[in-house]
Amino acid sequence: MQEQRPSLITHNNPKSPISEAYRVLRTNIQFSGVDKPLKIMVVTSAGPGEGKSTTIANLAITFAQSGSKVLLIDGDLRKPKVHKTFNTHNQTGLTNVLAQHADYKQYVKQCDIDNLDILTSGPIPPNPSELLSSNSMKKLLERFREDYEIVLIDAPPVGTVTDAAILSTIVDGTILVAASGQVEIEAAQRAKQLLEKVNANIIGVVLNKLSKNEQGNYYYYYYYYYGEDDGNDKKKRKKPKEPKDKE
């Protein structure tokens, strides 16, 4: 787990504009939980290939970098990716804990990133939805709530299976990842409706895979909006295209 992992830009290049965007996302989440702290969150997407696993991995790292004790869980029991992102094995993990009622601590993997622990999916089960909706899963989340400050769960796309919707009912909040120029508007709307149908607390939407021009516009806008007041705030500038973190 020591070699560089290209998708973990917040770890490899923490001063990059993209890393800064993830920190903005982290801050937005923290402000969303002012009245009721958001400790356990699910990250999902409308369909496959929208970058939710990369998003949640980097978000977990930014929380860990801020000093929070973080657990990243691979709750995608159909096509798990967390173990690949962090270059670790997946022989054991969440499914072992749930099926065997075992102590989760013996399956948690530590990595070279301070404050970040990982619980991979484990062997793919024949009944993912049943495991995720079980009382064992609910009790396990309460254990995590006691032991960690932030718990992030990577869930399958909400538009393809029910797993993400199930998880969204037993966590504090849900984040939907949408790939710019890839996801159809109808698919994104349907994903939102499916989550709302089960009364999920949708924190917001992360607009992912922006073009370089769109990214540049976003970062420029971020700097202009949050920069120091130099007395020239009467200057009007057009708001750019949709920012990466859209709530």
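A. Structural detail: the environment of T162. Following the sequence through the fold, T162 ends up in the loop between β5 (150-154) and α8 (163-168). The class for T162 is partly exposed, based on a relative accessible area of 47%. Separated by 32 residues in sequence, T162 and L194 have C-alpha atoms that sit 9.0 Å apart.

B. Focus on the nonpolar core. Membership of the largest hydrophobic core comes to 33 residues, with the highest contact counts inside it found for L94, F144 and I153. Looking at this core, the elements that each hand over two or more residues are β1 (40-45), β2 (70-74), α5 (94-100), α6 (128-132), α7 (135-147), β5, α8 and α9 (185-197). No other element matches α7, which puts four residues into this core. If near-sequence neighbours (up to four positions away) are discounted, I153 is found in contact with I40, M41, V42, V43, I56, I73, G75, L141, L167 and V171.

C. Region of the structure containing a positive patch on the surface. A contiguous patch of positive charge, built from K79, K81, K84 and K209, is present on the exposed surface. Inspection of the secondary structure assignment puts K79 in the loop between β2 and α4 (82-85). A residue is classified by how much of its surface remains accessible, and K79, at 65% relative accessible area, is exposed.

D. Just the packing of aromatic side chains, in detail. In total, this model carries one aromatic pair according to the counting rule given. Taken together, a centroid distance of 4.8 Å and an interplanar angle of 85 degrees make the contact between Y104 and F144 edge-to-face. With Y104 in the loop between α5 and β3 (109-110) and F144 in helix α7, the pair connects residues that are 40 residues apart, well separated along the chain. On the basis of relative accessible area, F144 is assigned to the buried category, the value being 0%.

E. Quick look at the environment of M41. As for its position among the elements, M41 is in strand β1. Residues M41 and I153, spaced 112 residues apart in sequence, show a C-alpha to C-alpha distance of 6.2 Å. Setting aside residues no more than four positions away along its own chain, M41 makes contact with I29, I150, V151, L152, I153, G173 and I203.

F. Geometry of the pattern of salt bridges. Inspection of every chain in the model, using the stated rule, returns eight salt bridges. Close ionic contact of D76 with K52 constitutes a salt bridge, the shortest N to O distance being 3.6 Å. Separated by 24 residues along the polypeptide, D76 in the loop between β2 and α4 and K52 in helix α3 (residues 52-65) bring together distant segments of the chain. By relative accessible area, D76 is classed as buried at 6%. According to the relative accessible area criterion, K52 is buried, its value standing at 8%. In this structure, R145 and E142 form a salt bridge, with 3.7 Å as the shortest nitrogen-oxygen distance. Of this pair, R145 and E142 are both found in helix α7, three residues apart, which corresponds to roughly one turn of the helix. In this structure R145 comes out as partly exposed when scored by relative accessible area, which is 23%. Beyond isolated ion pairs, a larger network of salt bridges with shared partners links K52, D76 and D154.

What counts and how
- Residues numbered from 1 in each chain as written.
- Predicted model: local features only at pLDDT ≥ 70, side-chain atom pairs only at ≥ 80, totals over all residues.
- Heavy atoms only, no water.
- Helix = DSSP H or I, 4+ residues; strand = E, 2+ residues; numbered from the N terminus.
- Buried < 20%, exposed > 50% of the residue type's maximum accessible area, 1.4 Å probe, protein only.
- Core = buried A, V, L, I, M, F, W, Y, C linked by side-chain atoms within 4.5 Å.
- Contact = heavy atoms within 4.5 Å.
- Patch = residues over 30% accessible without salt bridge, like charges linked within 9 Å, V, L, I, M, F, W, Y side chains within 5 Å.
- Areas by Shrake-Rupley, 256 points an atom, 1.4 Å probe, with all protein chains shown as cover.
- Salt bridge = Lys/Arg side-chain N within 4 Å of Asp/Glu carboxyl O.
- Lys, Arg positive; Asp, Glu negative; His and termini not counted.
- Charge placed at Lys NZ, Arg CZ, Asp CG, Glu CD.
- Phe/Tyr/Trp six-rings, centres within 6.5 Å; stacked < 30°, edge-to-face > 60°.

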